[in-house]
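Secondary and tertiary structure notes
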Amino acid sequence: MKLSRSASWFLLAFGVWSWFIWITFVKNLWNDGSGLAFDDAGEPTAYFWVHLLLAVTSFVLGTVIGAIGLRGVRAWRRERG
């Protein structure tokens, strides 16, 4: 399968964006002072674990999607050059 140049760039940008957004989210989750992520004893709550799992899943998917986009961009550049 051959990706278009615009689709390749979109997938690459999505992968980068996903990492940026979810790193920010994990930082905010880790520093949560509202009592949602950590209980009074400082132990992680179910909220913390669920959202950490979402973040890890998004990191994995963002990496895979970004890698597909990067491969597409490199293929287009090889064809041009």
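Presented here is an overview of the structure given in this document. (Residues numbered from 1 in each chain as written. Predicted model: local features only at pLDDT ≥ 70, side-chain atom pairs only at ≥ 80, totals over all residues. Heavy atoms only, no water.)

Turning our eyes to something else, we now look at helix H1 (residues 5–30). In this model, H1 (26 residues) spans 38 Å end to end at C-alpha, consistent with the 38 Å of a helix rising 1.5 Å per residue. Turning to H1, its buried residues are Ser-8, Leu-12, Gly-15, Ser-18 and Leu-29. The inward-facing, buried residues of H1 contact helix H2 (46–80). (Helix = DSSP H or I, 4+ residues; strand = E, 2+ residues; numbered from the N terminus. Expected span 1.5 Å × (residues − 1). Buried < 20%, exposed > 50% of the residue type's maximum accessible area, 1.4 Å probe, protein only. Contact = heavy atoms within 4.5 Å.)

What follows deals with the packing of H1 against H2. Packing of H1 against H2 leaves a shortest axis separation of 7 Å and a crossing angle of 155 degrees. The orientation of H1 with respect to H2, classified from their angle, is roughly antiparallel. Judged by the sense of rotation from one axis to the other, the crossing of H1 with H2 is left-handed. Partitioning the contact of H1 with H2 into residue classes produces 22 nonpolar, ten polar and three charged. (Axes fitted to C-alpha atoms, helices over the stretch in contact; angles between N-to-C directions. Parallel < 35°, antiparallel > 145°, perpendicular 65-115°, else oblique. Left-handed = near helix turned anticlockwise from the far one by under 90°. Nonpolar A, V, L, I, M, F, W, Y, C, P; charged D, E, K, R; others polar.)

This brings us to H2. With 35 residues, H2 should cover 51 Å at 1.5 Å per step; its first-to-last C-alpha distance of 51 Å lies within 8% of that length. Among all positions of H2, only Phe-48, His-51, Ala-55, Ser-58, Phe-59, Gly-62, Gly-66, Gly-69, Gly-72 and Val-73 are buried. In this fold, the buried residues of H2 make contact with H1.

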